[in-house]
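Examining the three-dimensional arrangement
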Amino acid sequence: MAEVRIADVVVPEIFAPYVQTLTEQKTALIDSGVVVRDPSLDGFLAGGGTTFNAPSWRDIDDDSNILVDRVSSDDPAVIATPNKIQSNQEVATRLSRNQSWKTMDLVAALAGDDPSTAIANRVATYWRRRLQAVFVSTWIGIFADNAQVTPNDDPRAGITNNAAQNDLSVDISGGAFIAGVTDFSAEAFIDAITTAGDSQGDFVAVMMHSIVYSKAQKNNLIDFIPDSTNMNAADVPTFLGRRVIVDDTMPNAAGVFDTWIFGSMASRWGVGNPKVPAEIDRLPAQGNGAGGEELFSRIEWSMHPVGYNFLSGSVANVDGGPTNAELQDGVNNWARTFPERKQIKAARLVTREF
């Protein structure tokens, strides 16, 4: 019987863009608006360099303790002193990643199905999971920076004292589990989003572990709405009007769980083009000489939390970019550049569920 091989069904020039499209279209983070594809990051990735400077203008300051509106006068000797608009500089980092799969394992699993579609779906599903893992690692790093007694300032931004310790977080976990006190509730959730003051209405999604999600379901806190993009799909879970994203890679230990709440565009995502995004390597010695193949898939991404700079303080392989563990190192690798807490479209609730 003739054997179908990857080389027979995968055309790399078609396969790689298709995988990227599937990755983007079916990612809950992107569907929720928490992560937004940013053409400027795409442009940075198309050029050289491992980190990218992304300048932006700050909002006009309306803090009454700093700026007092002038009272108009008819005295020509009184000259108005103009104010100025200031700028921010965010620093994003390149992520160069790759993975490969051997032919015979895939072909055995694909028997009786359309090989080309199944292979593309498998690789796209893998990269969707890895995209979500990059996002989680990035925000672990952001909250780790924020948990320091003195969160990092970045001298490149020309701003100091941007953050107070844990001004993004509410922690009700306590020292031991007490039902109705340390566990997830609507009241605790509202306390967490209130850390953003009058910007709390910007939050659009909540990301939680399945244990926390189950608690919310048991307490009748989850509502379901139809998926507006696919009416035949399962209904989308929501909590107080925010889309729910369930992910068991959310930080948890000994019964203590993180729940994260995000606004739209909390993170920007860029996609680059590796020199060879996908290719197939013949392995003639495989199978005792029967032959085999290996499929390689490569990506270039940038996942950037809005309002932050990547410092590269503990990155071992600068050329390839940080690992997920290095993204989680908020002490050495992240610093807030936006001056106001409410400009950071994220909040964290820490609970103890058992």
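A short tour of the structure in this document, coming up. Keep in mind that what you see is a predicted model, and the values were worked out from it rather than measured.

So, how was this worked out
Residues numbered from 1 in each chain as written. Predicted model: local features only at pLDDT ≥ 70, side-chain atom pairs only at ≥ 80, totals over all residues. Heavy atoms only, no water. Core = buried A, V, L, I, M, F, W, Y, C linked by side-chain atoms within 4.5 Å. Buried < 20%, exposed > 50% of the residue type's maximum accessible area, 1.4 Å probe, protein only. Helix = DSSP H or I, 4+ residues; strand = E, 2+ residues; numbered from the N terminus. Contact = heavy atoms within 4.5 Å. Salt bridge = Lys/Arg side-chain N within 4 Å of Asp/Glu carboxyl O. Polar contact = N/O pair within 3.5 Å; in protein donor to acceptor, adjacent residues only side chain to side chain.

Counting residues in hydrophobic clusters, the biggest one holds 48 residues, and the most contacted among them are Phe15, Phe135, Trp139, Met207, Phe262 and Trp301. Breaking this core down by element, the ones donating at least two residues are helix 2 (12-25), helix 3 (28-31), helix 6 (115-146), strand 6 (203-208), strand 11 (256-263), strand 12 (267-271), strand 14 (292-305) and strand 15 (308-310). Counting residues per element, this core draws most heavily on helix 6, at 13 residues. Each residue touching tryptophan 139, except ones within four places of it in the same chain, is listed here: Trp260, Phe262, Ala266, Ser267, Pro305, Ile344 and Ala346. Counting 21 residues, the second largest nonpolar core, distinct from the first, contains Ala186, Ala196, Val206 and Ile261.

If you walk through the whole model with that rule in mind, you get 13 salt bridges. A salt bridge links arginine 268 to aspartate 38; its shortest N-O distance comes to 2.7 Å. Of this pair, arginine 268 sits in strand 12 while aspartate 38 sits in the loop between strand 1 (35-37) and helix 4 (39-46); the two residues are 230 residues apart in sequence, bridging distant segments of the chain. One salt bridge in this structure joins aspartate 258 and arginine 348, with 3.6 Å as the shortest N-O distance. Here aspartate 258, found in strand 11, pairs with arginine 348, found in strand 17 (residues 346-352); they are 90 residues apart in sequence, far enough to count as distant. No difference in accessibility class separates aspartate 258 from arginine 348, as the two residues are buried. Taken together, the salt bridges that share partners define one network made up of Glu24, Arg37 and Asp42.

Right, let's talk about the environment of arginine 243 for a bit. Here arginine 243 lies in strand 9 (residues 242-246). Placed 212 residues apart in sequence, arginine 243 and aspartate 31 show a C-alpha to C-alpha distance of 9.5 Å. Setting aside its immediate chain neighbours within four residues, arginine 243 contacts Ala28, Asp31, Ser32, Val204, Ala205, Val206, Val236, Pro237 and Thr238.

Checked against the element boundaries, serine 173 lands in the loop between strand 5 (169-171) and helix 7 (186-193). Take serine 173: its relative accessible area is 8%, and that puts it in the buried class. Engagement of the side chain of serine 173 in a polar contact is seen with the side chain of aspartate 171, the distance being 2.6 Å. When sequence neighbours within four positions are dropped, the list of residues in contact with serine 173 reads Thr182, Val256, Val350, Thr351 and Arg352.

None of this, on its own, says anything about what the molecule does.
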